[in-house]
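Residue-level structure breakdown
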Amino acid sequence: MSFRAQARNLTTAFFLLFLIQAFASVILIPMDAESQQNHLKAYGITYWVLTKQQKVQWLLNYRGGSFLLPDGEIIRKECQIRGVSFEILSDNQAEQLMDDISSPSRNQDAVILEKAPKIAVYSPKGNQPWDDAVTMVLTYAEIPYATIYDEEVLDDKLVLYDWLHLHHEDFTGQYGKFYGAYRAAPWYIEDKKNAEALAQQLGFSKVSEEKRAVAIKIRNYVIGGGFMFAMCSATDSFDITLAAENVDICEPMFDGDPSDANYQGKLDFGKTFAFTDFVLERNPLRYEFSSIDMTNQRQNLPKESDYFSLKEFSAKWDPVPTMLTQNHTTLVKGFMGQTTAFARNQVKPTVMVLGENKINGEARYIHGIKGKGFFTFYGGHDPEDYQHRVGDPKTELELHPTSPGYRLILNNVLFPAARKKKQKT
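Residues numbered from 1 in each chain as written. Predicted model: local features only at pLDDT ≥ 70, side-chain atom pairs only at ≥ 80, totals over all residues. Heavy atoms only, no water.

We now examine the overall build of the protein chain. Tallying secondary structure elements over the protein chain gives 13 helices and 15 strands in all. Over its C-alpha trace the protein chain gives a radius of gyration of 22 Å, about what one expects of a compact globule, namely 22 Å for 425 residues. The C-alpha extent of the protein chain, read off along each of the three principal axes, is 70 × 45 × 45 Å. By the burial criterion, 56% of the 425 residues in the protein chain qualify as buried. (Helix = DSSP H or I, 4+ residues; strand = E, 2+ residues; numbered from the N terminus. Rg over C-alpha atoms; globule rule 2.2 N^0.38 Å. Buried < 20%, exposed > 50% of the residue type's maximum accessible area, 1.4 Å probe, protein only.)

What follows is about the side chain of Asp-293. Along the chain, the position of Asp-293 falls in the loop between helix H11 (252-255) and strand E10 (307-310). Side chain to side chain, Asp-293 and Thr-295 meet in a polar contact 2.7 Å long. (Polar contact = N/O pair within 3.5 Å; in protein donor to acceptor, adjacent residues only side chain to side chain.)

Right, let's get into empty space enclosed by the protein. Applying the stated criterion to the full structure yields 2 cavities of 30 Å³ or more. As a volume, the largest cavity reaches approximately 70 Å³. The wall of the largest cavity is formed by Phe-171, Thr-172, Ser-208, Arg-212, Thr-241, Ala-244, Val-247, Asp-248, Ile-249 and Cys-250. Split into classes, the residues belonging to the lining of the largest cavity amount to 5 nonpolar, 3 polar and 2 charged. A volume near 40 Å³ is recorded for the second largest cavity. (1 Å grid on protein atoms, 1.4 Å probe; cavity = no way out; pocket = protein on both sides within 12 Å on 5 of 7 lines; lining within 4 Å. Points joined across faces, edges and corners; volume = space filled by probe spheres on them. Nonpolar A, V, L, I, M, F, W, Y, C, P; charged D, E, K, R; others polar.)

Packed helices, taken two at a time, are described by the angle their axes make and the gap between the axes. The geometry of helix H2 (residues 39-51) relative to helix H3 (residues 73-82) is characterised by a closest axis approach of 10 Å and an angle of 150° between their N-to-C directions. Between H2 and H3, the crossing angle belongs to the class labelled roughly antiparallel. Helix-helix and strand crossings are classified by hand; for H2 and H3 the assignment is right-handed. Each of Lys-41, Gly-44, Ile-45, Trp-48 and Val-49 in H2 lies in contact with H3, whose residues at this interface are Ile-74, Ile-75, Glu-78, Cys-79 and Arg-82. (Axes fitted to C-alpha atoms, helices over the stretch in contact; angles between N-to-C directions. Parallel < 35°, antiparallel > 145°, perpendicular 65-115°, else oblique. Left-handed = near helix turned anticlockwise from the far one by under 90°. Contact = heavy atoms within 4.5 Å.)

This next bit is on H3. Among all positions in H3, only Ile-75, Glu-78, Cys-79 and Arg-82 are buried. Mapping the buried residues of H3 onto a view down its axis gives an arc of 100°, with all of them on the same face. Pointing more than 90 degrees away from the buried face of H3 are the exposed residues Gln-80 and Ile-81. Residues of H3 that are buried sit in contact with strand E1 (25-29), H2, strand E3 (66-70) and helix H5 (133-141). (Arc of directions from axis to C-beta.)

Before going further, it helps to spend a moment on unusual backbone geometry. Residues other than glycine seldom take positive phi values, yet Lys-177 does so here, at roughly 55°. Checked against the element boundaries, Lys-177 lands in the loop between strand E8 (163-166) and helix H7 (179-182). Phi angles above zero are rare outside glycine, and Asn-262 is one such case at about 50°. Considering the arrangement of structural elements, one finds Asn-262 in the loop between H11 and E10. We classify Asn-262 as exposed; its relative accessible area is 54%.

With that out of the way, let us pick up the environment of Asn-327. Here Asn-327 lies in the loop between helix H12 (319-324) and strand E11 (331-333). Given the relative accessible area of 10%, Asn-327 is considered buried. In the structure, Asn-327 is positioned 81 residues away from Leu-408 in sequence and 7.5 Å away in space, judged by C-alpha atoms. Within polar-contact distance, the side chain of Asn-327 engages the backbone oxygen of Pro-404 at 3.0 Å.

Dropping the structure here:
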């Protein structure tokens, strides 16, 4: 037997010994389509166990990304109360399971989740939880979070959190590019007034300058080791703002003065997280930020055939993207938003594409490293509301407890809890 094989066997033996000593018997939370009746609340159970200073095993690529929890009557009852399917395994069954997963012939692995991450959602204080898919699913899964906004970010409060979600924000200071359709709407006028007042209160002469300062603070949070997750317009508007750090890209109706001449040529793509070589939308009447978004290139993609596929990664060699793509299906229903999907040719080559629609040339779900931290961008507004519009009613997640699209969000929530392994590719 080679030294490498001996080392692998020894590692497996120690891992099994840890599992058996820690749990005389274990609870398996299956995450495959057939066995789990509420995938979303299963994440909440896992998070809840972590808050009790208990470790959890995340079984990558095993039955849809199942979880092994320590056995106990309290945990069993909590699963029953929340409607989460579970199975009880003896120590012998658990040992055999872990032995099977460790086999080099299987694209599976077990990752230890050690500590419940502290979660913050960057969102205006007036927003309701159903304004955003992440706050909806966190609430439904019963995972606690704090709401923060510009004041807290500029006051360096991000260091208190392990995981930050960016609500559907416009970091460019163009008020979501709603000007063309809604500039006379009372809510638009009120939102613009409030944003200007907040910028003044925080010491900035323009909203665009204040949002840029916030984006830079968030950038530094990630570089320092934080995890950032963003959806819809928070993805591309964040990167656009970083690229235009020293450039005025706002027209007079947004900030009261003209934009810089030839501002497109002054963008610095070296400062962005995910995107490069994009062209900004100059027309203030168009509901679009740049060429990054694919919404306007989807006219020939009917709703019935709008899906994106999750890529497969090596669980043993690439645990990070494997964690982020755990699901009970590799085909996920598409859904739209102000930023629906990302032009594949404008995603930096250093960024991993986790989910894509190859037929339409779209990247839907991407992940990357920035400094010591991580970021994930997910296109679209609501995984169970195909074409969410202003004023639409909230999604009732009780009707979608097994949603694959929402599972991707919760994979990101648990990711910071994982014991870090060095990525090999």
